[in-house]
Amino acid sequence: MYSSAASDYSGRRGGRSRGMPLPELPIEIQEQVLDHLHDDRRALRACSLVCSAWISTARLHLFRVVDLHRARDCLRFLAVLESTSNGYGIRAGVGRLVRELRLPTMTFDQRGRKEGQRFDLLCQILRRLPNVELLNMERFDWFTFAELLAGPGEDRANADLRDAFASVFPFPRLTTLLLRSMRPRNHPEALQLISAFPSLTSVELVQITGSQFSEDDEPVAVSYHGGPRVCIRELVVDRWSSSPPALRKILEGLLRPPFDLRLRKLQWKTSAADETSNHSDGPVLTEMFRGAADTLEKFELDILRDDWLEKNDVSRHRALTDVVLTFGFTRYYSCHWPAVPRFIAQLNSGALREVQLRFEDLHARFHWEFLPWQEMTDALRTLHQRHPSVVVTFTFLFRVRLGQLEPAPFVVEPLRALIRPVLKAGMRVAVVRTGLMDSYKYNSSSPGAPDVTWSPVWSARTWLSA
């Protein structure tokens, strides 16, 4: 760690005997210092070149998260996997350090002499990663990948690919599966993929599309012959960005064996982009919500209208800790949600910590009649009497134009006046104002149709008092 010249110099200057080595920090302390660099990949790479004793800790952080984008990334990573193997099998080397893996966005549709090369390349990598816990399949060319995995002549409607999935994705410790911007060939295949991971507890379904799905298709469950089930604890559903038939068929399959929904977290999203759709997933949401009456802790619901709130009773959910309800001021519907106070008044969980009401105004449609304020005041006072420690947060999200410093209108004082009796009763109420700006990102799976994302440019929180 230190040069002999440095030791000699220190000995002469400090009275040490000639040749006595400088004391070194214990390796445990050195490792703790390296742990503070866990998110600085450049520094970690430099540290791995400075001292051989640091290589193990540096690699632990460098390879914990692997993000593959193109074929070039895959080739480089495979070379690293092979070069760090110690000869005891393909599972050796840095591959055992990978905990989070994002699959590449490259296409697998190759012709001629290159046909199947990218598919084989990815399979070689996947089989060397035995400890993956989170798998991110965002913009992954699943359709072509599954075609190559199934092979020629397979009956798409009846093929059971679970053994094939298990051989390509040998992840016995996988707990989180993120399916984003994907196009399965059919819904049984999507369910087979999810069921291939016995330790899975968290599933995210965002922008699931596919021309093979139809409203008339009958739900097809994954064959189940007893044994352990896949116990899903967390489910995130982005309803508006997905094909309604595709998403609904998958969700209906999750309600049947081999899956066992014991939801602790349920997040359900829609958007103004879906406001003219005639499709409804209300029955599926209702079945999942009611089935989690004893287990649900975090419930996030993003809906356009409050019909669902009016038809469902939340008083039986005694384990709830956080509730988030999001509503949008749209162009086509009257922005009025009279069922919200009744839903709030029914909250009856002794573990409840926060209730957040979010109101998005991206179309300059904001007005103060969106809630019946007398009923809302009564509901909040009832909630406070029942659970004095609960915090209620009103979040207002407004669109910000380029160069605009703050979004309008100013909402703090009007809201304070509307719920003053609640504040006098001692309830803790916060107001969050957030400005959003739109940006466009190219969607490789849908050329010519960029994704619109809304990013916060500033945010302010104010605690209200009487």
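The preceding data block contains the structure.
Residues numbered from 1 in each chain as written. Predicted model: local features only at pLDDT ≥ 70, side-chain atom pairs only at ≥ 80, totals over all residues. Heavy atoms only, no water.

**Details of the overall build of the chain**
The test is simple: A helix here means a DSSP run of H or I that spans at least four residues, while a strand means a run of E at least two residues long, and both kinds are numbered starting from the N terminus. The cut-offs for exposure are 20% and 50% of the maximum accessible area for each residue type, with area from a 1.4 Å probe on protein chains only; residues under the lower value are buried, those over the upper are exposed, and the others partly exposed. The contact rule is simple, with two residues in contact once any of their heavy atoms fall within 4.5 Å. For the accessible areas, the method is Shrake-Rupley and the probe is 1.4 Å, while residue cover comes only from the protein chains on display.
If you tally the helices and strands in the chain, you get 16 helices and 13 strands. Every one of the 466 residues in the chain was classed for burial, and the buried ones make up 48%. The contacts of the chain with a sequence gap of at least 6 include a subset with a gap of at least 24, amounting to 77%. When the accessible surface of the chain is totalled, it reaches about 23,300 Å², and 49% of it is carbon and sulfur.

**Regarding empty space enclosed by the protein**
Filter applied, for reference: Put plainly, a pocket is an open set of points on a 1 Å grid over the protein atoms alone with protein on both sides within 12 Å along at least five of seven lines, a cavity is a set where a 1.4 Å probe fits but cannot get out, and a lining residue has an atom within 4 Å of a point. Grid points are joined across faces, edges and corners, and a volume is the space filled by probe spheres set on the points. Classification used: nonpolar for Ala, Val, Leu, Ile, Met, Phe, Trp, Tyr, Cys and Pro, charged for Asp, Glu, Lys and Arg, polar for all others including Gly.
With the rule as written, the count across this model stands at one cavity of 30 Å³ or more. Around the largest cavity sit Leu 179, Met 182, Pro 184, Ala 190, Leu 193 and Ile 208, which together line it. Listing elements by their share of the lining of the largest cavity, those giving two or more residues are strand E4 (176–182) and helix H9 (187–195). Looking at the lining of the largest cavity residue by residue, the classes come out as six nonpolar, no polar and no charged.

**Digging into the side chain of Thr 434**
Definition in use: A 3.5 Å cut-off defines polar contacts: any pair of N or O atoms within that distance qualifies, except that in protein one atom must be a possible hydrogen donor and the other a possible acceptor, and neighbouring residues in sequence count only when both atoms are side-chain atoms.
Residue position: Thr 434 is located in strand E12 (residues 428–441). Classification of Thr 434 as buried rests on a relative accessible area of 8%. Here Ser 459 takes part through its side chain, which lies 3.0 Å from a polar atom of the side chain of Thr 434. Those residues in contact with Thr 434, other than ones at most four positions away along the chain, are Phe 396, Leu 397, Phe 398, Pro 456, Trp 458 and Ser 459.

**Focus on the nonpolar core**
Applied cut-off: Among buried residues, the Ala, Val, Leu, Ile, Met, Phe, Trp, Tyr and Cys ones that are joined through side-chain atoms within 4.5 Å form a nonpolar core.
Membership of the largest hydrophobic core comes to 119 residues, with the highest contact counts inside it found for Leu 101, Met 137, Phe 145, Phe 169 and Phe 394. When residues of this core are assigned to their parent elements, the largest contribution, six residues, is made by helix H6 (residues 117–126). Not counting the four nearest positions on each side in its chain, Leu 101 is found in contact with Val 66, Leu 68, Leu 126, Leu 129, Val 132, Leu 134, Leu 135, Asn 136 and Phe 171.

**Overview of the pairing of strand E7 (residues 259–269)**
Threshold: Two strands pair under a simple rule: DSSP has to find at least two bridges between them.
Inspection of the sheet shows strand E6 (residues 230–238) paired to E7 by eight bridges, in the parallel sense. Counted as the bridge partner of Val 237 is Trp 268 from E7. Of the strand pairs in this sheet, E7 and strand E8 (residues 298–302) are connected by four bridges, and their pairing is parallel. Looking at E8, one finds that Leu 266 is bridged to Phe 299.

**Side note on the packing of helix H5 (residues 71–83) against H6**
Cut-off, in case you're wondering: An axis is simply a line fitted to the C-alpha atoms; with a helix, the fit covers only the stretch in contact. Between two such axes, the angle follows the N-to-C directions and lies from 0 to 180 degrees. The scheme is simple: roughly parallel for angles under 35 degrees, roughly antiparallel for over 145, roughly perpendicular for 65 to 115, oblique for anything else. Crossing handedness follows the turn of the near helix against the far one: under a right angle anticlockwise gives a left-handed crossing, and clockwise gives a right-handed one.
At a minimum axis separation of 10 Å, H5 and H6 run at an interaxial angle of 40 degrees. In terms of orientation, H5 and H6 fall into the oblique class. Considering the relative orientation of H5 and H6, their crossing is left-handed. Two secondary-structure elements touch here, H5 through Ala 71, Cys 74, Leu 75, Phe 77, Leu 78, Leu 81 and Glu 82 and H6 through Arg 118, Leu 121, Gln 124 and Ile 125. Residues of the contact of H5 with H6, tallied by class, amount to eight nonpolar, one polar and two charged.

**Describing helix H14 (residues 373–386)**
Rules: Here a helix's expected span is defined as the number of its residues, less one, multiplied by 1.5 Å. Directions drawn from the helix axis to the C-beta atoms are what define this arc.
Over its 14 residues, H14 extends 20 Å from the first C-alpha to the last, a length consistent with the 20 Å expected when each residue adds 1.5 Å. Among the residues of H14, those classed as buried are Trp 373, Met 376, Thr 377, Ala 379, Leu 380, Leu 383 and His 384. Along the axis of H14, the buried residues cluster in a sector spanning 165 degrees; they form a single face. Opposite its buried face, H14 presents the exposed residues Gln 374 and Gln 385, each directed more than 90 degrees away. Residues of H14 that are buried sit in contact with helix H13 (340–346), strand E10 (354–361), strand E11 (391–399), helix H15 (412–418) and helix H16 (420–424).

**Quick word on the pairing of strand E5 (residues 202–208)**
Regular strands place side chains that alternate from one sheet face to the opposite one. Our working rule: Place the viewer so that the strands point away; then a crossover is right-handed whenever the path from the first strand over the helix to the second strand goes clockwise.
Most of E5 is tucked away: seven of the seven residues are buried. Judged from the six bridges that link them, E4 and E5 form a sheet pairing that is parallel. Paired with Leu 178 across the two strands is Glu 204, which belongs to E5. Of the crossover connections in this fold, the one passing from E4 over H9 to the parallel E5 is right-handed. In this sheet, E6 lies alongside E5 in parallel orientation, the contact comprising five bridges.

**Notes on the packing of aromatic side chains**
Selection criterion: Only Phe, Tyr and Trp rings take part, Trp by its six-membered ring, and two of them pair if their centres are within 6.5 Å. Stacked means planes under 30 degrees apart, edge-to-face means over 60, and tilted covers everything else.
Within this structure, the stated rule accounts for 34 aromatic pairs. Relative to Phe 398, the ring of Phe 366 lies with its centre 5.6 Å away and its plane at 75 degrees, an arrangement referred to as edge-to-face. On the criterion of sequence distance, the pair formed by Phe 366 in the loop between E10 and H14 and Phe 398 in strand E11 is long-range, its members being 32 residues apart. Take Phe 398: its relative accessible area is 2%, and that puts it in the buried class. For the pair Trp 368 and Trp 373, a centre-to-centre distance of 6.2 Å together with 55 degrees between the ring planes defines the contact as tilted. Look at Trp 368 and you get partly exposed, because its relative accessible area is 21%. Here the aromatic residues Phe 327, Phe 329, Trp 337, Phe 359, Phe 366, Trp 368, Phe 370, Trp 373, Phe 394, Phe 396 and Phe 398 are joined through ring pairs into a cluster of three or more.

**Some thoughts on the pattern of salt bridges**
This is how the line gets drawn: Each reported salt bridge corresponds to a side-chain nitrogen of Lys or Arg within 4 Å of a carboxyl oxygen of Asp or Glu.
Within this structure, the stated rule accounts for 14 salt bridges. With a closest N to O distance of 3.7 Å, Arg 180 and Glu 138 form a salt bridge. Remark: Glu 138 occurs in strand E3 (residues 134–138) and Arg 180 occurs in strand E4; sequence separation between them is 42 residues. We note a salt bridge from Arg 180 to Glu 204, for which the minimum N-O separation is 2.7 Å. With Arg 180 in strand E4 and Glu 204 in strand E5, the pair connects residues that are 24 residues apart, well separated along the chain. On the accessibility criterion, Arg 180 (22% relative accessible area) is partly exposed. Residues joined in a network through salt bridges with shared partners are Asp 67, Arg 102, Glu 138, Arg 180 and Glu 204.

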